[in-house]
Amino acid sequence: MPDFTLIVAQSAFATAVAATLDLLSTAALMAPRLKLPSPTWRVCTPAEGPVRLSNGLSLDATPLTRSSKPDSSIWISPGLATHTPVAVAERLLQPDAVQAVALLKAHMKRGGAVAASCSAVFLLQAAGLLKDRRATTTWWLASQLQALEPGCRVDANRMVIADGPVWTAGAAFAHTDLMLQLLRTRCGAELASAVA
């Protein structure tokens, strides 16, 4: 089982996807020099076919399907490149987002860990994973998240928040900070510091 599963939905923020892959690739290159195990990962999508990222880029990804087997990897959802409360609400109704919500919920039920940044935090909220937790998201959507999940303590002043097996990060560029924290948690401080 890989250490990380990157779940890339249609129109995901290209910078967050690229940063994830670049950080993991860098960690895999540096780990042998430090005599540490290399992190492993897979790139998946909740839909079929190539994923169209923001700004016209695209990415091949393996369709992610439901499984009853435990999965020890941390599932990571980069921001959805939506910028308004209305756009977030509409995006969550699209088939790949509905599928992502179901998959994230099932992963947590099997004891898995999840992480999301920016507007992808709303996937976690739609899956019911933020109730009675602390979370962050981009500052301009924080009040919407708080309204949708009153039991969640939303703090848009924090870059990254970990609450048990749920990790959240602020705006899309905070995804880099999120990945460094996840590397530190899964692969150790020495490798995360070297990558940073």
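Structural data are supplied above this passage.
This write-up is about the structure you can find in this document.

Conventions and cut-offs
- Residues numbered from 1 in each chain as written.
- Predicted model: local features only at pLDDT ≥ 70, side-chain atom pairs only at ≥ 80, totals over all residues.
- Heavy atoms only, no water.
- Helix = DSSP H or I, 4+ residues; strand = E, 2+ residues; numbered from the N terminus.
- Rg over C-alpha atoms; globule rule 2.2 N^0.38 Å.
- Buried < 20%, exposed > 50% of the residue type's maximum accessible area, 1.4 Å probe, protein only.
- Contact = heavy atoms within 4.5 Å.
- Lys, Arg positive; Asp, Glu negative; His and termini not counted.
- Charge placed at Lys NZ, Arg CZ, Asp CG, Glu CD.
- Phe/Tyr/Trp six-rings, centres within 6.5 Å; stacked < 30°, edge-to-face > 60°.
- Disulfide = S-S within 2.5 Å.
- Salt bridge = Lys/Arg side-chain N within 4 Å of Asp/Glu carboxyl O.
- Pairing = 2+ DSSP bridges.
- Axes fitted to C-alpha atoms, helices over the stretch in contact; angles between N-to-C directions.

**A short note on the overall build of the protein**
Logical step 1: Each helix and strand counted, the protein has seven helices and eleven strands in total.
Logical step 2: Relative to a compact globule of 196 residues, whose C-alpha radius of gyration would be 16 Å, the protein shows 16 Å and is just as compact.
Logical step 3: Judged by the C-alpha coordinates and their principal axes, the protein covers about 45 × 35 × 35 Å.
Logical step 4: When each of the 196 residues of the protein is scored for burial, the buried share is 53%.
Logical step 5: Sequence separation of 24 or more characterises 66% of the internal contacts of the protein that already satisfy a separation of 6 or more.
Logical step 6: Taking the 17 positively charged and 13 negatively charged side chains of the protein as two groups, their mean positions are separated by 6 Å.

**Section: the packing of aromatic side chains**
Logical step 1: Summed over all chains, the structure comprises two aromatic pairs.
Logical step 2: Arranged with centres 5.6 Å apart and planes meeting at 80°, the rings of phenylalanine 13 and phenylalanine 173 form a pair that is edge-to-face. Within this pair, whereas phenylalanine 13 is found in the loop between strand E1 (4-7) and helix H1 (14-33), its partner phenylalanine 173 is found in the loop between strand E11 (166-169) and helix H6 (175-187), the two being separated by 160 residues in sequence.
Logical step 3: For the pair tryptophan 139 and tryptophan 140, a centre-to-centre distance of 5.5 Å together with 90° between the ring planes defines the contact as edge-to-face.

**Focus: unusual backbone geometry**
Glycine aside, negative phi is the norm for most residues, and most peptide bonds take the trans geometry.
Logical step 1: Of note, serine 11 is a non-glycine position whose phi angle comes to about 65°, a positive value.
Logical step 2: Note that serine 11 resides in the loop between E1 and H1.
Logical step 3: Residue classification places serine 11 among the partly exposed positions, given a relative accessible area of 27%.
Logical step 4: A positive phi is found at lysine 35, a non-glycine position, where the angle reads about 60°.
Logical step 5: Mapped onto the elements, lysine 35 comes out in the loop between H1 and strand E2 (41-45).

**Brief notes about the state of the cysteines**
Logical step 1: Under the definition given, this model contains zero disulfides.
Logical step 2: With no disulfide partner, cysteine 118 has as its closest neighbouring cysteine sulfur the one in cysteine 152, 15 Å distant.
Logical step 3: The class of cysteine 118 is buried, set by a relative accessible area of 7%.

**With respect to the pattern of salt bridges**
Logical step 1: Scanning the model with the defined rule gives four salt bridges in all.
Logical step 2: Arginine 186 is the salt-bridge partner of aspartate 3, the closest N and O atoms lying 3.8 Å from each other. Residue aspartate 3 is located in the segment before E1, and its partner arginine 186 is located in helix H6; the two are separated by 183 residues in the primary sequence.
Logical step 3: A residue is classified by how much of its surface remains accessible, and aspartate 3, at 18% relative accessible area, is buried.
Logical step 4: Ionic pairing is found between aspartate 96 and arginine 91, a salt bridge with its closest N-O pair at 2.8 Å. An identical accessibility class is assigned to aspartate 96 and arginine 91; each is buried.

**Remarks on the sheet that holds strand E10 (residues 160-163)**
Remark on secondary structure: sheet strands pair via backbone hydrogen bonds, oriented parallel or antiparallel.
Logical step 1: Read from one edge of the open sheet, seven strands run E5-E2-E1-E6-E7-E11-E10, paired in mixed fashion. Strands with a single pairing partner mark the edges of an open sheet, and in this sheet they are strand E5 (62-63) and E10.
Logical step 2: Where E2 and E5 come together, two bridges link them in parallel fashion. Within E5, the position partnered with threonine 45 by the bridge is proline 63.
Logical step 3: Against the sheet, H1 contacts E1 and E2, and its axis sits at roughly 160° relative to E2.
Logical step 4: Contacting E1, strand E6 (74-77), strand E7 (113-117), E10 and E11, H6 runs over the sheet at an angle of about 175° to E6.

**Some points on the pairing of E10**
Within a regular strand, the side chains alternate between the two sheet faces.
Logical step 1: Pairing between E10 and E11: four bridges, direction antiparallel. Paired with valine 160 across the strands is alanine 169, a residue of E11.
Logical step 2: Between E10 and E11, which pair antiparallel one after the other, the connecting turn spans two residues, and glycine 164 there sits at a positive phi close to 65°.

Purely geometric numbers; function is a separate question.
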